[in-house]
Structure formats: structure tokens, C-alpha cells
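One letter stands for each residue in the lines below.
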Protein chains: 2
Amino acid sequence: MSTKQSQLPTSPQTLFSRIRWFNLAVLSLTPSFGVYGACTRPLVWQTLILAISYYFLTLLGITAGYHRLWSHRSYKASIPLQYFLAICGAGAVQGSIRWWAKGHRSHHRYTDTELDPYSALNGILYCHIGWQLVKPRVKPGHADTIDLSNDAVVQWQHQNYFVLVLIFGYILPAIIGGVFWGDAWGAFYYAGLVRMTVVHHCTFAVNSLAHAFGDAPFDDKHTPRDHVLTALLTLGEGYHNFHHEFPMDYRNAIKWYQYDPTKWFIYGCQLFGLASQLRLFPDNEIKKGELNMQLKKLKTTQDSLVWPASPEDLPIVDWETFQRESKERHLIVVSGFIHDIADFVENHPGGRALIVSQIGKDATAAFFGGVYDHSNAAHNLLSMRRVGVLHGGVEIAKIEPTIPSLRVVQLDVST
Amino acid sequence: MSTKQSQLPTSPQTLFSRIRWFNLAVLSLTPSFGVYGACTRPLVWQTLILAISYYFLTLLGITAGYHRLWSHRSYKASIPLQYFLAICGAGAVQGSIRWWAKGHRSHHRYTDTELDPYSALNGILYCHIGWQLVKPRVKPGHADTIDLSNDAVVQWQHQNYFVLVLIFGYILPAIIGGVFWGDAWGAFYYAGLVRMTVVHHCTFAVNSLAHAFGDAPFDDKHTPRDHVLTALLTLGEGYHNFHHEFPMDYRNAIKWYQYDPTKWFIYGCQLFGLASQLRLFPDNEIKKGELNMQLKKLKTTQDSLVWPASPEDLPIVDWETFQRESKERHLIVVSGFIHDIADFVENHPGGRALIVSQIGKDATAAFFGGVYDHSNAAHNLLSMRRVGVLHGGVEIAKIEPTIPSLRVVQLDVST
Ligand code: HEM
Ligand code: HEM
Ligand SMILES: [Fe+2]
Ligand SMILES: [Fe+2]
Ligand SMILES: [Fe+2]
Ligand SMILES: [Fe+2]
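Residues numbered from 1 in each chain as written. Chains lettered and ligands numbered in written order. Predicted model: local features only at pLDDT ≥ 70, side-chain atom pairs only at ≥ 80, totals over all residues. Heavy atoms only, no water.

An unreviewed UniProt entry annotates chain A as Acyl-CoA desaturase originating from Sistotremastrum suecicum HHB10207 ss-3. The Subcellular location (unreviewed entry) field of the UniProt record for chain A holds the comment "Membrane". (UniProt positions renumbered as here; feature names shortened; annotations may be inferred.)

Engineer: Looking at this model, I keep getting lost on the coordination of the iron ion (ligand 5). Mind explaining?
Structural biologist: Perfect tetrahedral coordination of a metal by four donors corresponds to 109.5 degrees between them, and perfect octahedral coordination by six donors corresponds to 90 or 180 degrees. Residues and elements named next belong to chain B. Bound to the iron ion (ligand 5) on the protein side are His107 (NE2), His211 (NE2), His240 (NE2) and His244 (NE2), at distances that span 2.1 to 2.2 Å. What the four donor atoms of the iron ion (ligand 5) show is an angle range of 91 to 168° at the metal, which sorts the shape as irregular. Counting along the primary sequence, the residues that act as donors to the iron ion (ligand 5) give the motif H-x103-H-x28-H-x3-H. Separating the iron ion (ligand 5) from the iron ion (ligand 6) is a distance of 5.9 Å. Note that His107 is positioned in helix α5 (residues 97-109) and His211 in the loop between α10 (184-208) and α11 (228-233), a separation of 104 residues in sequence. (Donors = N, O, S within 2.8 Å, 3.2 Å for Na, K, Ca; no water. Tetrahedral: all angles 85-135°; square planar, octahedral: opposite > 155°, others 65-115°. Helix = DSSP H or I, 4+ residues; strand = E, 2+ residues; numbered from the N terminus.)

Engineer: Would you explain helix α8 (residues 152-159) of chain B in this entry?
Structural biologist: Within an α-helix, residues lying three or four positions from one another point in the same direction, as the helix has 3.6 residues per turn. All names here are of chain B. Residues Val153, Val154, Gln155 and Gln157 constitute the buried set of α8. Looking at the buried positions of α8, the neighbouring elements they touch are α3 (45-71), α4 (79-91), α5, α7 (146-149) and α9 (161-181). Its side-chain oxygen placed 3.1 Å from the backbone nitrogen of Val153, Asp151 serves as the N-cap of α8. (Buried < 20%, exposed > 50% of the residue type's maximum accessible area, 1.4 Å probe, protein only. Contact = heavy atoms within 4.5 Å. Polar contact = N/O pair within 3.5 Å; in protein donor to acceptor, adjacent residues only side chain to side chain.)

Engineer: Would you mind showing me how to read the UniProt feature "transmembrane region" (unreviewed entry) in chain A here?
Structural biologist: Residues and elements named next belong to chain A. In the numbering used here, UniProt assigns the "transmembrane region" (unreviewed entry) feature to residues 21-38, 44-69, 81-101 and 161-181. Each end of residues 81-101 is marked by a C-alpha atom, and these two atoms are 18 Å apart; helix forms 76% of the span and strand 0%. For residues 161-181, the end-to-end C-alpha separation is 29 Å, with 100% helix and 0% strand making up the annotated structure.

Engineer: Quick question: what am I supposed to make of the pattern of salt bridges here?
Structural biologist: All names here are of chain A. Summed over the entire model, instances satisfying the criterion amount to 34 salt bridges over all chains. Among the salt bridges present, the one from Asp260 reaches Arg68, with a minimum N-O distance of 2.9 Å. Residue Asp260 is found in the loop between α12 (240-245) and α13 (261-271), and its partner Arg68 is found in helix α3 (residues 45-71); the two are separated by 192 residues along the sequence. Residue Asp260 is classed as buried on the basis of its relative accessible area of 0%. (Salt bridge = Lys/Arg side-chain N within 4 Å of Asp/Glu carboxyl O.)

Engineer: Teacher, can you tell me more about the packing of helix α6 (residues 124-133) of chain A against helix α10 (residues 184-208) of chain A here?
Structural biologist: Relative placement of two packed helices is described by the angle separating their axes and the distance separating the axes. Residues and elements named next belong to chain A. Put simply, α6 and α10 touch, their axes get as near as 7 Å, and they point 130° apart. In this view, α6 runs oblique relative to α10, as classed from their interaxial angle. The handedness of the crossing between α6 and α10 comes out as right-handed. Contacts from Ile124, Cys127, His128, Ile129, Trp131 and Gln132 in α6 reach His201, Phe204, Ala205, Asn207 and Ser208 in α10. The residue makeup of the contact of α6 with α10, split by class, is six nonpolar, five polar and no charged. (Axes fitted to C-alpha atoms, helices over the stretch in contact; angles between N-to-C directions. Parallel < 35°, antiparallel > 145°, perpendicular 65-115°, else oblique. Left-handed = near helix turned anticlockwise from the far one by under 90°. Nonpolar A, V, L, I, M, F, W, Y, C, P; charged D, E, K, R; others polar.)

In C-alpha cells form, the structure reads like this:
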């Protein structure tokens, strides 16, 4: 059940019996007639403006309404705003709020598992559109939707869904174009069908692109990613790594320079008294997520570097042996380790003389400031030249480590 | 001796007795006559080109010659290249190689101490020019310069320094301008005096600006900083944090997009067989420096955040008390901690019902995947709501910490 194919039909017969004919019709006929219209009708500028405005309004119905308001309850909307968003969302023709939000809550609760209705397990094409065309083998996981059942606007929209879709998805654009600039068919094609196709695939990109490409600045446990292109297509919904980590936050992006117009819209509504109780995840906890991811990155860097040999891996050598071998090799002792610095004698920035004078000796004090207080880089370089650990005989200076031991992770779970 | 004033004269008398008259004359008369010339002579385009070329050549004498070749021996130069650089450097009029490199080695060896001839301790003005105008109270610290005493070109340049300065600093530009486009005075003023003043202050900026402003991506133990503006003024010498940490590296900048034309020049000379043995600090050790600085930054972030209470700071509560208090408060147990989630019940993205059903219970299993496998963010949020530690009675599930404990620092010094 957990393989890539789990949601996909295995034979033509199964496929046929599981096709969602209605969805298939909408998602194939809309673009087909749209393309036909675009090839046969010239695009006048008033229709272009209508199509663009209609793109923004209907997509906003999905992002600010279906998604952030009803799926996640990330803010409270006044009744007029609720009706406005319910109608705009219907114009996007992506199912009723009730159906959409239920599936979306499943998606959050069961992300990347076979109970997720558009699980990234099934490949990018399935996430984008496949799940809408073919019934899944496994029913999507259960999610709590009592609040939606008790919501008057959600119920009203669900009951009148087909009428609303007809009027606001198809007919209204044609009426506007016909009445105001005599281009009913053009408006129907461009602001109706073409616009709807664009809104569809932009929305779908959140499930496909933003679960496959982009950065994970907050958590990489699951597939959601912050994907700028998707954000540009979807009024800000592409910052999907943030969103899955902090789903009840009314924002999908937190940096001022990130494109999240849905957030700006909700914030604007608050200024006009139309929205309230905008929910924010505490900044302190958001920063912890970022910190953890940055640490992970540094851990990767750390693991990619070569570190000095640890004492356990080195031979233990006594002072006499060290003295004897120093006659043949360029050995010096620093901090209890024996180092072979043959390759460095001629390259020493402090000069050849200083370093040669320390061969066969304990140069700890000289190295740690007695002669020169060496940089971290010098300490790192030296430690890579360890060839042994000195045993007994020489008093080892008590030295503070140069690189402070940072306690970088606070464990806050269990124990 | 370690205060900001240590190198500065205390009374007018002392000041007067310590002035370096020759330097003062050069560093004040050159700009004065330069400004006079610029006000009285129009600038013709040939002279402008000469001045700019002369700026590049003489500055290169300092950066590729005085600094990277002779002060740091970061590569080997063929004899023709040595003479070329020695002559160009003389044209910059900043003292002989021998004098310059000796002081510069002191500067590296005793950076930021009173033995540093241009120590940042003494303020930015002193670093920029003050140290050249007034003798220091404390003699600069000793640095090994035997190699320079044994260097034929260095000795030749030192012995003929004043002749070289006269010819290549002042007379040659005038001759070129006079012979080729009849503008001897213009070339003297612009390509001689004005150009020299610019080269002076650009070079000085490394000691002033690049020890005061900019980033410390490799080490912040001392004042040197990577300062882009200074790099633009000085053919790449402004990446001074890198340089002080890795002084024997022929590069001052390692990223391809950073402006370090001196490095490009040396590399080019190698292609033509004029330079060899270009020294590189091992990449592995450079990355360790960067890693350590990045960790320091994250440590600062970590310290600025509020972390959950530790068990020692919480009351120990038994199961019966927990049960009793849960009747009045929204208490749940997860991982042995008691949490008060009153403020979260209505905000829970998993719904009110699920969370309320766990009040007065041990919700560890539910929270850790039994019902929902919560994100890191949820764990962080929960841990901030700790109000007690549960004592006895309930078996605590053995749980892996969600945030992995990264061992981010390898101590490579001592112990
Ligand atoms: C053991 C006796 C040593 C003495 C007395 C000594 C002394 C010095 C001095 C005086 C400098 C300053 C150079 C300058 O003026 O720029 C210096 C720099 C340096 N030394 Fe050593 N050194 C010793 C050993 C080593 C060893 C064994 C290594 C590494 C294998 C090393 C690595 C370096 C490095 C990388 C620098 C340049 C970076 C910096 O300024 O900290 N030294 N050393
Ligand atoms: C104790 C019993 C709990 C249960 C059974 C439970 C269940 C759930 C479920 C099913 C979800 C998925 C929501 C969705 O569909 O988007 C969820 C999300 C979440 N829960 Fe809980 N929860 C519990 C307690 C808590 C507590 C005490 C906190 C914090 C104080 C918390 C914080 C969160 C957060 C932040 C999320 C959203 C982030 C994420 O998807 O991981 N939960 N919870
Ligand atoms: Fe998602
Ligand atoms: Fe969502
Ligand atoms: Fe410096
Ligand atoms: Fe230097």
C-alpha cells in the first residue's frame, strides 16, 4: 500500500471503472473550448482586463476562502466577506467548500501517506490532476469537519453549488462582456474558460510543484516546500513548507519581501473590520524551526569535512621515542599530541626559523601565545598533522579549547 | 599601554618631537599640489587613461608585490616579474619593500595589540594615516625578515629607493604625457600627484576601513573584516578577514564573484610562466572557519529565543493531583510532562474534540502518532506549555527525541 503505484489503477478495466467522469469532463472540456475560443475570437483589451480581474477574484475565493478561512480557520470573517469568498470560490469551479476543505484537512493530517488524498507518494502528475480524475483505491483519511457542517454559509454554498458555478463560473463573465462592450462570446471564452483553466492549474501546482521543488526552511520531515514560482501563480500559497508546519497561521509567508497577496488581502479586510482574530504562530516557535533546519545544514557541512584523528586512533608514544624519532622527522608536541609538520616548515607564515627551533620539543606554550597566539585556522591546520599521543614525562599545559563548544540544540521533547 | 591612547602623543611638545617630517611632507604636499594642478590644468582624455593605468600598475606593485609576494611569500615570482613589481611598487611611494613588509609582518603577528604598528586599538584615523605621521611610543613588535635581507631584488630596490620613486612616481608620467600628447604638466599632476594620492588612501583603507567595517565569515577573534568597498578600492585587498586568517594564501577572496583582481593577475602570471607555487590554504580548513562562525551566529539566535522550562524548574506532581486539577484546568500529560493547554484548545488545527478528549489523560501515544504524528513545531509549542513533571504511577513511553541532537562542533584542540 505504500508503494508509488498504490493509488493508481493497474489494468485498463480497473481504470475505466474508477474514472470520475464529471471531473474529467470539466477538466478536459473547459480547456478545449477555451483553446477553441482563443483561436477563433480576437482578444479585446476590456475582455483581457475582465479575465485578469476574474482570475484574481476567483483564485482569492480559493486561497483566502476555501483554504485559509474554511480549511484552516486561520481567521474569522464577517458574514458579507464569507458570502463574497464563497461566491468567488464557486467561480473557480473546484468543488464546494465542504468537499474541498474536507479533503484538504485529510491532506494535512495524513501528508505523504496513502490516506492523503493527493499524496506525494503517488508522483507529481497524480498530485497535480490524477487524483481528481481517478477514484483512489484507499479512501482518504478521516478529518474533523463538524465546524463545517454547522456553518450556514458553507451549507448554503454546498446546496446551491451547481447554480453558483453556472452563474459565476460561466454566465456572469459573458453577461459583463456582452452588456458593457458587446463581447459576450469573447468574455465567455477568455474570462470564463481560459481564466478557469489557468486558475485550476495554478491551484493544482500547490499540490504538485510545491510538494516537489523548493526549499525547506522550517522542517524537512515531509514533502511540502517553499516554492517561489508556485507562490507567484497562487497569490502566495507556494510557501508551502511554512504552511504545512504552521497551518493555522493566516500567513503563508512571513518575510516582508515574499509574495503573499492573500495575506495582504486578509490583513486589509481586518483594517476594514471585515476580518478578525487573524491567527499567528508564535514567532519564537517559528524561529526554532528555522534554527533547527540551519543546524541540519551545518551538520551536513560538518560531515563533509575531514576532522582530526581522535586520541583513540593514534599510537601512544613516550617522550624518549618522540625524542629519537624527532632526529629524523619534523615532530613537535603541542597540547599532548605529536605532530609531523614536515610539509609546513617551509610554508610557515611565522617563518622557518621559529618552527624549526621547536622540533623535538613541547611547543604548546609557544604555539598558544608564548611566541604567537595562533588563529583558529592555525589550530585546525596543526591538528590535522597529529601522528601520536604523548605518554607521561611531560607536563601538559592546561588549555582552554580555542573553538568554543557550542550547545546548539536544545532538546525539548521527552527525557 | 593597552588603552586607546597608548600610541598617541599626550602633549603638543611630545607630538612635535615625534612627527615624521618626511612622511608628513609627502602625504600633505602630494595631495596639495595635486589639487592645485587639477584646478589649473584641464584633464585631457589621454592623460586620464594614463592616470588610470598608472593607478592600476602602481597599486598592483603594492598588492601583488609588496603584500602578497614579499610580505607573505604566498607565491614565487620569476626575476622579471619581481623587478616589474618592485618598480611599480616604488611608483606608489609607500616606502621600500623592506620597510613595508617588515611593518606588515609585525601587523600580522601582533594584530590589535600595542606592538602592532597600525593597531586598531588606536582608532580608525591612526590606522589610516596617523601611524605614518607620528612615531609610536612603543616600537613595533619583531618579525622575522631574514628572507628579505637575503633577497637581491628587495635589497636593490631598498638601496635605489629614492631614485626609483623620483623616476617612476613623478617623472615618468610627465615624460609620457609630454612626449606622446604634449601634456607633461597635466600628466605630472593627474597621473603623478592625484593618482598617487588616490593610491595612498586606497591602500590605507585596508588598515582603517577593513579593520572597522564589514563581515567576519572566517573568524572574529580580531578586528580584520571582509569589506567589499575596500576590496573595490584596492584590487581585492578588502577581503581582510580571510586574509588575516589565511595570510599565506595568494588569494584574498575565494568566491568566484568576489572582486580580487590581484589574485587574477597572479593566476594569469602563472599561466605565462612568470609565477609559480601559488599557495592555497587547504579548503577543508577554510570551511572549518566558516562553519565555526556560522555556528556562532546560530548560537546567538538560539540564545535570543525562549526555551521550555527544564524539569528541575517544575513542580513534581503525582497522578492523583494531576487528575484532581484536570477537573478545573486543561491539563494533559505528554512524555512525562504536565501541560496546561487552555489557550490552545480552540486553536488546535486538529480540531477541538480530539484535544479535549485527552484532558486529564496521558496523551503521549496520541500525540506521537497514535492519533497524529505532530510536527516539530507542534512539539515546540507543546513544550512551552509545561507546568509540571509527573511523578510515578504512569508508564512513560520510550520516545526518540524529535529534534535530533546534532554534534555540531568538533573540538580539535587539546584534550
Ligand atoms: C611550534 C612553534 C611555532 C611558532 C613559534 C609559530 C609562530 C608563528 C608566528 C610568529 C606567526 C605569525 C606570522 C605572521 O606574522 O603572519 C605564525 C603564524 C602562523 N602559524 Fe605558526 N608557529 C609555530 C608552529 C606552527 C605550526 C606547527 C603550524 C601549523 C602546522 C603553524 C601555523 C601557523 C599559521 C597557519 C599561521 C598564520 C595564521 C595566523 O596568523 O594565525 N604554526 N606562527
Ligand atoms: C493531545 C492530543 C492531541 C491530538 C490527538 C492531536 C491531534 C492533531 C491532529 C489530528 C492534527 C492534524 C491537523 C490537521 O489536519 O491539520 C494536529 C495538528 C496540530 N496539533 Fe495536535 N493534537 C493533540 C494535542 C496537541 C497539543 C497539546 C498541541 C500543542 C499545544 C498540538 C498542536 C498541534 C499543531 C501545532 C498542529 C499543526 C501542525 C502539524 O500539522 O503538526 N496538538 N493535532
Ligand atoms: Fe500540501
Ligand atoms: Fe493547507
Ligand atoms: Fe590588517
Ligand atoms: Fe597581509
